[in-house]
Amino acid sequence: TKSSLGQNRVSNASDRRVDDDVRRRGRESHRRGFGSVVRRASRALASKVDIPSKHVFVPPEGNRVNERDLWRILDMITVNKGNTLVITGAGVSTESGIPDYRSPEGSYSKGHKPLTHQEFVRKVHLRKRYWARSLLGWKYFDSVSPCYSHYALAELERSGYISGIITQNVDRLHKRVGSSNLIELHGHNDEVKCLNCGYTRPRREYQLLLEDVNSDWMERHFSTSDNVDIRADGDAHLENDDFVGFEVPNCEECGTGVMMPRVVFFGGSIPQEVKDRAMEMVVKSDGILVFGSSCQVASVYRLGKAAADKGTKVAMVNIGPTRLDPLLDIKLEARCGRALKEICRNLEISVAEGSNKAHA
């Protein structure tokens, strides 16, 4: 209708004015030094709206560890000692409190639809929505600690039982516990990168800048409720859909570039060198052990299929059906933490005390 078209033109014009102002601020912050902006934001945090951070995600309970399947996995690990490759998915980090997508309490079950790469790049309104939601969800996502599974897998690598880890997760929890031969297939969520000039910086600093330039908007639109619906990709559900006046700062290096988390969004492309290295690890392995992944996405399914096609034994620890099920040699339907506790106990591997908080 003419009315809706007119409203869209007004909204688009308003967005353009805000974007022009953001670009101007980006250039100004570049001239006076971004460090001063972050320091100013840090000092101002105490006076900002108290962003709710309470969130409880309960991972699926799963079954008791089946001894027959456990011993088959142990046999694979010991026979192929030093050459079993581990692939991990969201089911590993759910025990740290990070939601997954596909479990009964996961993001998809609540009707969440993740933002695609194309939407983030091309649609200003959706990009604003993403960053606004991140102001609610990022602090929680950034505060989680590694769970027993992360520590156990790091110990299995240090003890020479596994050759390395390919993870779908972007939370960096494997890296934090010292896993060394690690491929983060879908990137990592603790940095942002300019899509124009390639400049990168810590996401924590960028989040502080977002809070600084949007303090008035936050006061108007954020409630003080403790019930925050955290999502799997590090943002949170937000009832408000009005982002007029919400500012997304541009790159302070070039002044105009769009900043994006260093993760592979749905519909985005994994760098070729990352894909090549991951496939090389699979081809060189004598066994593949998957923890906590349904392997629905093509980037991981193709790795498992490539291993099965060349006759490599593929084992799975996961709750619920997976895309790889027809190709599996072993499947253990249990929580990753429980399975890994039994694996490490039988291999007489001591897991670091920092894992005591794990939901095993």
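Look above for the structure.
Below, the structure is looked at part by part. (Residues numbered from 1 in each chain as written. Predicted model: local features only at pLDDT ≥ 70, side-chain atom pairs only at ≥ 80, totals over all residues. Heavy atoms only, no water.)

Concerning the overall build of the chain
- When helices and strands are tallied, the chain shows 13 helices and nine strands.
- Sequence separation of at least 24 residues holds for 77% of the intrachain contacts in the chain that already meet a minimum separation of 6.
- Accessible surface, the chain as shown: approximately 16,800 Å² in total, 46% of it carbon and sulfur. (Helix = DSSP H or I, 4+ residues; strand = E, 2+ residues; numbered from the N terminus. Contact = heavy atoms within 4.5 Å. Areas by Shrake-Rupley, 256 points an atom, 1.4 Å probe, with all protein chains shown as cover.)

Brief notes about helix α9 (residues 203-213)
- In terms of burial, α9 is largely enclosed, as eight of its 11 residues are buried.
- Every buried residue of α9 is accounted for by R203, Y206, Q207, L208, L209, L210, E211 and D212. (Buried < 20%, exposed > 50% of the residue type's maximum accessible area, 1.4 Å probe, protein only.)

Some words on the packing of helix α11 (residues 272-284) against helix α12 (residues 298-309)
- The geometry of α11 relative to α12 is characterised by a closest axis approach of 9 Å and an angle of 30° between their N-to-C directions. Regarding the angle of α11 to α12, the classification is roughly parallel. Seen from above, α11 lies across α12 with right-handed handedness. Facing α11, whose interface residues are K275, A278, M279 and V282, α12 presents R302, L303, A306 and A307.
- Partitioning the contact of α11 with α12 into residue classes produces six nonpolar, no polar and two charged. (Axes fitted to C-alpha atoms, helices over the stretch in contact; angles between N-to-C directions. Parallel < 35°, antiparallel > 145°, perpendicular 65-115°, else oblique. Left-handed = near helix turned anticlockwise from the far one by under 90°. Nonpolar A, V, L, I, M, F, W, Y, C, P; charged D, E, K, R; others polar.)

Considering the side chain of E157
- Considering the arrangement of structural elements, one finds E157 in helix α7 (residues 148-158).
- For the buried E157, no salt bridge is present, and the opposite-charge side chain at shortest range is R158, 6.6 Å distant.
- Residue contacts for E157: discarding those within four places in its chain leaves I162, S179, S180 and N181. (Lys, Arg positive; Asp, Glu negative; His and termini not counted. Salt bridge = Lys/Arg side-chain N within 4 Å of Asp/Glu carboxyl O.)

A few points about the packing of aromatic side chains
- In total, this model carries nine aromatic pairs according to the counting rule given.
- Between Y130 and W131 the ring centres are 5.2 Å apart and the planes differ by 80°, which places this aromatic pair in the edge-to-face class. Each member of the pair Y130 and W131 is classed as buried.
- Ring plane angle 20° and centroid distance 5.9 Å describe the contact between W217 and F243, whose orientation is recorded as stacked. Linking W217 in helix α10 (residues 215-221) with F243 in the loop between α10 and β6 (259-263), this pair joins segments that are 26 residues apart in sequence. F243 shares its class with W217; the two are buried.
- Taken together, the ring pairs in this structure connect F120, Y130, W131, Y206 and F265 into an aromatic cluster. (Phe/Tyr/Trp six-rings, centres within 6.5 Å; stacked < 30°, edge-to-face > 60°.)

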